[in-house]
Every structure is written in structure tokens, then in C-alpha cells.
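# Analysis of the macromolecular model
Now for the letters of each chain:
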Amino acid sequence: MSDFYATLGVARDATDADIKKAYRKLAMEYHPDRNQAPDAEARFKQIVEAYEVLKDPDKRARYDRYGEAGLGGAAGQAGYGGFHHVDLAEALNIFMRDFGGFESLFGQQARAEQRRGQDIRVNVKITLDEVALGAKRTIKLKTLERCEKCEGTGAKKGTRPTPCGTCSGTGEIRRAARSMFGQFVQVSPCPSCQGEGVVIQSPCPECRGDGRVKAEKTVSVEIPSGVSENNYLTLRAQGAAGPRNSAPGDLLVMIEVKDDERFERDGDNLVMDLPLSFSQAALGLVLSVPTPYGEEPLTVPPGTQAGTILKVKGKGLPRLGQATRGDLLIRAHVWTPETLSEEQVRLFRELARHEGEPPRKGSGFWTRIKEALGA
Ligand SMILES: [Zn+2]
Ligand SMILES: [Zn+2]
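Below you will find a few notes about this structure.

Conventions and cut-offs
Residues numbered from 1 in each chain as written. Chains lettered and ligands numbered in written order. Predicted model: local features only at pLDDT ≥ 70, side-chain atom pairs only at ≥ 80, totals over all residues. Heavy atoms only, no water. Helix = DSSP H or I, 4+ residues; strand = E, 2+ residues; numbered from the N terminus. Buried < 20%, exposed > 50% of the residue type's maximum accessible area, 1.4 Å probe, protein only. Contact = heavy atoms within 4.5 Å. Areas by Shrake-Rupley, 256 points an atom, 1.4 Å probe, with all protein chains shown as cover. Donors = N, O, S within 2.8 Å, 3.2 Å for Na, K, Ca; no water. Tetrahedral: all angles 85-135°; square planar, octahedral: opposite > 155°, others 65-115°. Pairing = 2+ DSSP bridges. Axes fitted to C-alpha atoms, helices over the stretch in contact; angles between N-to-C directions. Phe/Tyr/Trp six-rings, centres within 6.5 Å; stacked < 30°, edge-to-face > 60°. Lys NZ or Arg CZ within 6 Å of the ring centre and 35° of its normal. Parallel < 35°, antiparallel > 145°, perpendicular 65-115°, else oblique. Left-handed = near helix turned anticlockwise from the far one by under 90°. Salt bridge = Lys/Arg side-chain N within 4 Å of Asp/Glu carboxyl O. Patch = residues over 30% accessible without salt bridge, like charges linked within 9 Å, V, L, I, M, F, W, Y side chains within 5 Å. Polar contact = N/O pair within 3.5 Å; in protein donor to acceptor, adjacent residues only side chain to side chain.

Before going further, it helps to spend a moment on the overall build of the chain. Secondary structure assignment for the chain yields eleven helices and 15 strands. In the chain, which comprises 375 residues, the share counted as buried stands at 35%. Within the chain, counting contacts between residues at least 6 apart in sequence, those at least 24 apart form 63% of the total. On the chain, roughly 23,300 Å² of surface is accessible, and the fraction owed to carbon and sulfur atoms is 51%.

Next up, the structure:
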């Protein structure tokens, strides 16, 4: 059981303004982007949760009377006995919503993130066999890389960026402001250095002060087996370099899967059509069928009906990140010859004298046909 008042360090009769003030101070102190202490994340979540309850007069009244038990779902609602504990992502979202974003709070750090290099997206087309087995690709990229002439600083060789005089190198301008909650310090990026804290007196001629130059690079990418169309891989820090030694962007590899003339994909299963002649369907046979892992023997039993699904276990696609595979499903079709030689006509007539009537109504035949058609 947590005590929300203790979490925010306020008295039980604290005003809304006191609660808000305590929340703001503590949330900023324990925000996991600023506080590296091992318990900061847990504290931060507790602080957000406590504020979510105490800022709402109705929830606060129920909490005062019944504790956390008063905060469950509606009475009698199954499965929601307790209080909803937020996870970190939710807590961060709530915090952003309450305070309208990082920029005003974290100034320089948030701007450094904005200065990060761009993400680069590339499309990679792979075959179904490569989905089954995994693939490697070497990708050529047009990108921006660190300027070696100035070691990414943007300052001409032999010179250095100098601390900005306007903000004394902090990148921030602080101003006292008043609001209905009292006096607070408003922080905004320094206009002289765009928040970087340094200015470049003589820019590097190679990169014109950006710290980056155009470049081509090759990246090798390993595509795991089991991927699907529109999956993507993120290669951290393989995107464009950031300006003036700021963090690089990521490389996003978007997967496209080419159509395959042998198989259709159904999740982890592969589906294949297999035409059989009358005699093959009637007598059965053993043949070999293609799979992404090579040919496999398949037994077609005597008396196979059109629409029957035969299965080759474990020869479908791997499940992403797992050792198991789907199956190869083979749909039997009975193929009717469109032209017949005189000899064939003679043999079919001979056959017709011996074959029985196909079973119809009442024999379950139509049910089986419907099942086969998936109706
Ligand atoms: Zn400045
Ligand atoms: Zn340079």
C-alpha cells in the first residue's frame, strides 16, 4: 500500500496548488532522463500515480475514505479489483501532458536530441526462400558523415568553438516569470547559439561549420528468418551523423517480400496448389514437392478428393525469433484433360463402363466439398 500524500511529501489537507507544486518539483527531480539513480524510475512512476489521484477531487475523496481500494473500477466489475499502476511509458506521457513537453523543462538536453542526425530508411526486397532461411545484404547509402578536417566540431582547423557569450555556455536563457501559480523560472534556448552553448568564429571550410560532409557508405544487414512484409529492422546509430558531433540517427531497413510463384504465405504456413490427374487421384502416388529447404517426398493416398489438404509438417516459414516453423499445406486439385487422343477416349469409355456412380445427396459428399472450399 502506498501513501500518495507521503509520496508527494504533502500534508493530507494540502491545497491543489501545493500538490501541483510538489509534483512538479519531484517529477523533475526523479525524471529518468535526468536522474540515473537505480530507484529513480520507480519513484517517478509513484510520483505520477500519486498526482493522478490527488489532482482529481473525486478520486482524492475516494482515496481519503477507502484508500487504494476506492480507486478500482466500478463496483462489481470483474477483473478490476485494484488500482491501475502505470508503466514507465504511461508515466512519461502523463508527465508530458501535464507540463506540455520537454522543451520548456529540459532545455539543452531536449535540443541536443533534436540536433541528432537524421534517420535513414531503405527498402530491401527479399524472396520467400530468404524469409525461410534469413538473408544478408550489403546496402550502399548516401549519407552524412563526420567531417574529419575539423573532427566534427565545425570549427576551422587550429581554431575551436568558443563558449557563447550570451548564455555563458549553458545554451539556455533563464528568465523569472510570474503566473497564477506564483513565480517560476522560464527557460528557453539561447538565440545566439541555438542552444548549443558554443559559437564558431571561423567555420571549417570543408563542412561550412556543420561538422558533417556528404559521404557514401556500405552497411551490411542481417535479416533474420521469419520476417514479414512491412517489418523493419532498426540499426542504431547507422543513420546520418549528427551536426557538430551530436548523436547519429538510425538506419531503418524496411522489408519487402517478393511474390513467389510456387507458394502463398498464410502466416507461418505456406500453401501450394497440386494438380493431380484422375488416375493419380484415384490410385495415389509418391512425388516430390518443392519447399524453401529443398524437395520433400509427399504421399498422395489413393482416393484423394479435389480440395483435400495434405500437410508437410515443419516445412513452412520460421516464426520470427523462434526455433519452430509452420507447415507446408498442399491443396489437391483434380485436373481434367481438355483434349483427348482416340486411344484416351477408348480407355475412358472402357473405364466408364466399370466405374460406379459418384456419391451425391445424403452421402456427405456435398458436405465434404463445402468443407474443402472453406464455406
Ligand atoms: Zn548561447
Ligand atoms: Zn569540418
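For a metal bound by four donors in a tetrahedral arrangement, the ideal donor-metal-donor angle is 109.5 degrees, while six donors in an octahedral arrangement ideally sit at 90 or 180 degrees. Around the zinc ion (ligand 2), the donor atoms from the protein are Cys147 (SG), Cys150 (SG), Cys204 (SG) and Cys207 (SG), and they sit 2.3 to 2.4 Å away. The coordination sphere of the zinc ion (ligand 2) comprises four donor atoms, whose angles at the metal cover 103 to 114°; the geometry is tetrahedral. The sequence pattern formed by the donor residues of the zinc ion (ligand 2) is C-x2-C-x53-C-x2-C. Of this pair, cysteine 150 sits in the loop between β2 (135-146) and β3 (162-163) while cysteine 204 sits in the loop between β6 (198-199) and β7 (212-223), and the two are 54 residues apart along the sequence. This pair shows no difference in class: cysteine 150 is buried, exactly as cysteine 204 is.

Now for the coordination of the zinc ion (ligand 1). Around the zinc ion (ligand 1), the protein contributes the donor atoms Cys164 (SG), Cys167 (SG), Cys190 (SG) and Cys193 (SG), at 2.3 Å from the metal centre. Geometry at the zinc ion (ligand 1) is tetrahedral, judged from the four donor atoms that bind it and their angles of 103 to 115° at the metal.

Right, let's get into the sheet that holds strand β14 (residues 309-312). Each strand in a sheet pairs with its neighbour through backbone hydrogen bonds, running either in the same direction (parallel) or in the opposite one (antiparallel). Within the open sheet, the four strands sit side by side as β10-β11-β15-β14. Their pairing is mixed. Whereas interior strands pair on both sides, the edge strands pair on one side only; in this sheet they are β10 (264-266) and β14. Each strand axis lies, on average, 35° off the axis of its neighbour in the sheet, ignoring direction. Bridge analysis of β14 against strand β15 (residues 328-334) gives four bridges, and the strand direction is antiparallel. By the bridge assignment, leucine 310 is partnered in β15 with isoleucine 330.

Attention shifts here to the sheet that holds strand β8 (residues 232-235). Across the sheet, which stays open at both edges, the three strands sit in the order β1-β9-β8 with mixed pairing between neighbours. Each edge of the open sheet carries a strand with a single partner, namely β1 (120-126) and β8. The mean inter-strand angle of the sheet, taken between neighbouring strand axes irrespective of direction, is 25°.

Here we take up the packing of aromatic side chains. Ring pairs (aromatic) are described by centroid distance and by the angle formed between their planes. Tallying each qualifying case throughout the model produces four aromatic pairs. Note that arginine 43 overlies the ring of tyrosine 30, its terminal NZ or CZ placed 4.4 Å from the centroid. Directly above the aromatic system of tyrosine 293 lies the positively charged group of arginine 325, at a separation of 3.7 Å from the ring centroid.

A word on the packing of helix α2 (residues 16-30) against helix α3 (residues 40-54). Interaxial distance between α2 and α3 falls to 9 Å at its minimum, and their mutual angle equals 160°. Taken together, the axes of α2 and α3 are roughly antiparallel relative to one another. Of the two possible hands of crossing, α2 and α3 adopt the one that is left-handed. For the pair formed by α2 and α3, the contact residues are Ile19, Lys20, Tyr23, Leu26, Ala27 and Tyr30 on the first element and Ala40, Arg43, Phe44, Ile47, Val48, Tyr51 and Leu54 on the second.

Right, let's talk about the pattern of salt bridges for a bit. Counting across every chain of the model gives 23 salt bridges. Between arginine 174 and glutamate 172 there is a salt bridge; the shortest N-O distance is 3.2 Å. Judged by relative accessible area, which is 15%, glutamate 172 ranks as buried. Among the ionic pairs, aspartate 273 bridges to arginine 331, the shortest N-O distance being 2.7 Å. Placement of aspartate 273 in strand β11 (residues 269-276) and of arginine 331 in strand β15 is noted, with a sequence separation of 58 residues between them. Judged by its relative accessible area of 39%, aspartate 273 is partly exposed. For arginine 331, a relative accessible area of 26% translates into the label partly exposed. Through salt bridges with shared partners, a single ionic network connects Arg116, Asp119, Arg236 and Asp250.

Take a nonpolar patch on the surface next. Taken together, the side chains of Phe278, Val334, Leu340, Phe348 and Leu351 present a nonpolar region at the surface, about 380 Å² in accessible area. Assessed through its relative accessible area of 40%, leucine 340 is described here as partly exposed.

Once that is clear, we can look at the environment of leucine 141. As for its placement among the helices and strands, leucine 141 is situated in strand β2. Looking at leucine 141, the relative accessible area reads 4%, which means it is buried. In contact with leucine 141, other than residues within four places in its own chain, are Ile120, Val122, Ala215, Glu216, Lys217, Val219, Gln238 and Leu251.

The pairing of strand β12 (residues 285-289) with strand β13 (residues 296-300) spans five bridges and is antiparallel. Among the inter-strand pairings, valine 286 is bridged to a residue of β13, identified as threonine 299. The hairpin formed by β12 and β13 contains six residues between the paired strands, and glycine 294 there has a positive phi angle of roughly 110°.

Here we come to the side chain of threonine 304. One can find threonine 304 in the loop between β13 and β14. From its side chain, threonine 304 meets the backbone oxygen of proline 301 in a polar contact 2.6 Å long. Aside from chain neighbours lying at most four places away, what touches threonine 304 is Leu276, Ala281 and Ala332.

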